[in-house]
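Take a look at the letters that make up each chain.
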Amino acid sequence: EEIAKPVQLSDRDSLLSAVETCLSSKVVAQDSDLLAPIAVDSVLGIVDDVDKSINVDLKDIRLVTQLGGTVDDTELIKGLVLTKGASKTAGGPTSMQNAKIALIQYCLSAPKTDMDNTVVVSDYAAMDRILREERKYILAQCKAM
């Protein structure tokens, strides 16, 4: 006799029941009614097609812990969480609705000389001119993106 029963990702109630059963033996058993829907919704949120998917890569879910607070402060955020706080002194926005964010991994720097070449700057005017050209080059790179 088999005890196991297959669960479809499209059956949210069965998933909630399975997660609540798992959490009932943990330290957070008293908070399973709060944590179970968060766990199920986080997994369902990264699945491409609920009807066709059979595996989920849990590395696509990030758990961010903050010091202080209680389990009741736990929430699921669908989207991007930046753990670095906004600088209120800079005068920029601290939150934005429907923002379009691009994550670009690209080195913005002026071109470097070859290994065999050296540049010798003898006066401040020439150095100032080089720095202006580097800024102009980087600004052109930013505008091209």
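Placed above this text is the structure.
Below you will find a few notes about this structure. (Residues numbered from 1 in each chain as written. Predicted model: local features only at pLDDT ≥ 70, side-chain atom pairs only at ≥ 80, totals over all residues. Heavy atoms only, no water.)

## Here we look at unusual backbone geometry
Both trends apply: most residues other than glycine have a negative phi, and most peptide bonds are in trans. Inclusion rule: The numbering of helices and of strands both runs from the N terminus, where a helix is a DSSP run of H or I of at least 4 residues and a strand a run of E of at least 2. Exposure classes here rest on a 1.4 Å probe applied to the protein chains alone. A residue is buried below 20% of its type maximum, exposed above 50%, and partly exposed in between.
Positioned with a positive phi, Asn-98 is a non-glycine residue whose angle comes to about 50 degrees. In this structure, Asn-98 sits in the loop between helix H2 (32-46) and helix H3 (124-144). In this structure Asn-98 comes out as exposed when scored by relative accessible area, which is 77%.

## Points about a nonpolar patch on the surface
The following threshold applies: Within this analysis, patches are made of residues with over 30% relative accessible area and no salt bridge. Like charges are joined at 9 Å or less; nonpolar side chains (Val, Leu, Ile, Met, Phe, Trp, Tyr) at 5 Å or less. Using the Shrake-Rupley algorithm and a 1.4 Å probe, accessible areas are obtained, with residue cover drawn only from the displayed protein chains. For this document, the term salt bridge refers to a Lys or Arg side-chain nitrogen within 4 Å of an Asp or Glu carboxyl oxygen.
Together, Val-119, Val-121, Met-127, Ile-130 and Leu-131 line one region of the surface with nonpolar side chains, adding up to about 360 Å² of accessible area. Inspection of the secondary structure puts Met-127 in helix H3. Accessibility expressed as a relative area gives 38% for Met-127, which makes it partly exposed.

## Regarding the nonpolar core
The test is simple: What makes a nonpolar core is a set of buried Ala, Val, Leu, Ile, Met, Phe, Trp, Tyr and Cys residues whose side-chain atoms join them at distances within 4.5 Å. Pairs of residues are marked as contacts when any of their non-hydrogen atoms sit within 4.5 Å.
Counting residues in each nonpolar core, the largest one holds nine residues, listed as Leu-9, Leu-15, Leu-16, Leu-23, Leu-35, Ala-36, Val-40, Leu-44 and Val-47. Mapped onto this core, the elements with two or more residues apiece are helix H1 (12-23) and H2. No other element matches H2, which puts four residues into this core. Setting aside residues up to four positions removed in sequence, Leu-16 forms contacts with Ala-36, Pro-37 and Val-40.

## Concerning the side chain of Ser-32
Tracing the backbone shows Ser-32 in helix H2. Apart from the residues within four sequence positions on either side, Ser-32 is in contact with Glu-20, Leu-23 and Pro-37.

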